[in-house]
Each structure stands twice: as structure tokens, then as C-alpha cells.
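Examination of the molecular architecture
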Amino acid sequence: RVDYKRGKLQLEDIIRTELDAAPRALRFSKDGKYCYILNEQTNTIEVYTYEVKGDEPVFNQIQVAFVMDEDFVTAASSNLGLSWDDAYIYVAIDGLNGVTCMERNAKDGTLKYRSNTLISGDYPKTIAVLPGNKFYVVLNHMSYIFPNIAVHLNYQYQIVYNVLSFLQNNQVFL
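To keep things clear, this report deals only with the structure shown in the data block. (Residues numbered from 1 in each chain as written. Predicted model: local features only at pLDDT ≥ 70, side-chain atom pairs only at ≥ 80, totals over all residues. Heavy atoms only, no water.)

A cluster of nonpolar side chains, namely Val2, Tyr4 and Leu9, defines an oily patch on the protein surface of about 400 Å² accessible area. Mapped onto the fold, tyrosine 4 is located in the loop between strand S1 (2–3) and strand S2 (8–9). (Patch = residues over 30% accessible without salt bridge, like charges linked within 9 Å, V, L, I, M, F, W, Y side chains within 5 Å. Areas by Shrake-Rupley, 256 points an atom, 1.4 Å probe, with all protein chains shown as cover. Salt bridge = Lys/Arg side-chain N within 4 Å of Asp/Glu carboxyl O. Helix = DSSP H or I, 4+ residues; strand = E, 2+ residues; numbered from the N terminus.)

Structure follows, in C-alpha cells:
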């Protein structure tokens with residue numbers, strides 16, 4: 001809750017994740033019905049329904065989805081981004097140097113692993129899906145350029161070193 005008079009947030013609810021899961025980021029679906037919590041150490045996304053009953057928030061876990069199709073011990077999920085149409089969730093995975101695509105079921109909010117794309121840099125830390133849903137960009141910890149990759153979401157990708165020029169030439173506007 002927001003206390004508008006004092007400009008402060010008030011504790012309303014606590015979501016307890018699995019022990020040592022290391023929750024790192026959360027996002028809500030555009031319709032506000034689902035909450036997605038990314039866990040860094042377990043490489044999972046916990047999916048919750050969200051609603052308000054009697055002026056109180058209610059979260060119910062409906063799924064724990066793995067963000068990789070196989071166990072990769074040294075990988076750590078670092079951030080997630082939703083596509084503008086809410087159809088996909090993308091997860092930057094540190095250590096794997098890749099981005100996972102999770103398909104989102106709009107009817108029940110659940111996720112399904114779709115693909116993984118390796119990126120050009122080292123240790124991705126954050127990801128953003130660009131308007132139009134055709135590209136995403138990744139900021140890496142050990143690379144000296146930002147951003148350093150643009151990926152077309154239909155399984156076609158291209159390493160780009162001058163992203164601003166690339167976006168202008170492909171008529172992608174921020």
C-alpha cells in the first residue's frame with residue numbers, strides 16, 4: 001500500500017520463495033493478474049496469481065518453471081523482461097551467456113520453455129524488449145559496448161555493435 005500523505009510504502013504481504021532460491025526480480029503481467037518472480041540461484045520463475053479480495057492482496061503460486069532445459073550448475077538468472085504483447089518472458093542468464101525465451105499462456109499465466117539464444121558478450125545482467133516486439137537488447141557485465149546484441153524474436157539473430165545505427169536503419173524507434 002502507498003501512504004500518499006507521508007510518501008511511504010507500507011508492508012502489505014510477504015511472498016516466501018524456496019530457501020536459498022535468491023529472488024532477484026519480479027514483473028507483473030499487463031493485466032495485473034499474474035506475478036513472475038525470477039530466482040537467481042535455482043534458475044526458476046515462480047508464477048503467482050494476484051488479486052485483491054476485501055482490500056487485501058492475495059498471491060497464490062501456480063507454477064515453478066525452470067528457465068533452462070537442462071541443469072547448468074554455474075549459471076545464475078540475472079534479470080527478466082516481458083515482451084510488449086505479454087506473450088513471452090525473456091531471461092538473461094549469467095554464466096551461460098545466453099537469453100532464454102519462455103512462452104506465456106495468456107489464459108492461465110503459466111510458462112513454457114521455448115528456446116535459448118547465446119549472446120555476444122559475457123555475463124548478461126539486464127535485458128529489455130524493444131517496442132514492436134522484434135528485438136531485445138542485453139547489457140553485459142564483461143563487455144565494453146552497450147548494448148551489444150539485437151535479436152529478432154522469430155529465431156533469427158544478428159550481433160550488432162552499433163545498435164543505435166542498426167535501430168535507425170531498421171526503423172525501430174524507442
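Moving on to the sheet that holds strand S3 (residues 23–28). Read from one edge to the other, the open sheet built from 4 strands follows the order S3-S4-S5-S6, with strand pairing classed as antiparallel. At either end of the open sheet lies a strand with only one pairing partner, and these are S3 and strand S6 (56–66). Between one strand axis and the next, the sheet turns through 25° on average, direction left out of account. Here S3 pairs with strand S4 (residues 34–39) via 5 bridges, running antiparallel. (Pairing = 2+ DSSP bridges. Axes fitted to C-alpha atoms, helices over the stretch in contact; angles between N-to-C directions.)

Locating tyrosine 50 in the fold gives a position in strand S5 (residues 44–53). C-alpha of tyrosine 50 to C-alpha of asparagine 60: the two residues are 10 residues apart in sequence and 6.9 Å apart in space. Discounting chain neighbours no more than four positions away, the residues touching tyrosine 50 are Phe28, Gly32, Lys33, Tyr34, Pro57, Val58 and Phe59. (Contact = heavy atoms within 4.5 Å.)

Further remarks concern the nonpolar core. Among the nonpolar cores identified, the biggest contains 18 residues, and Tyr36, Ile45, Ile89, Val91 and Leu111 are the most heavily contacted of them. At the level of secondary structure, the elements contributing two or more residues to this core comprise S4, S5, strand S7 (76–82) and strand S8 (88–94). Those residues in contact with valine 91 that lie beyond four places of it in its chain are Leu38, Ile45, Val67, Ser77, Asn79, Leu80, Gly98, Val99 and Thr100. Among the nonpolar cores identified, the runner-up in size contains 10 residues, and Ala92, Val99, Ile119 and Val129 belong to it. (Core = buried A, V, L, I, M, F, W, Y, C linked by side-chain atoms within 4.5 Å. Buried < 20%, exposed > 50% of the residue type's maximum accessible area, 1.4 Å probe, protein only.)

All right, on to unusual backbone geometry then. Backbone geometry at alanine 22 places phi at a positive 60°, although glycine is not the residue there. Turning to its location among the elements, alanine 22 is positioned in the loop between S2 and S3. Unusually for a residue other than glycine, asparagine 97 sits at a positive phi of about 55°. Locating asparagine 97 in the fold gives a position in the loop between S8 and strand S9 (98–104). Taking relative accessible area as the criterion, asparagine 97 reaches 18% and is therefore assigned buried.

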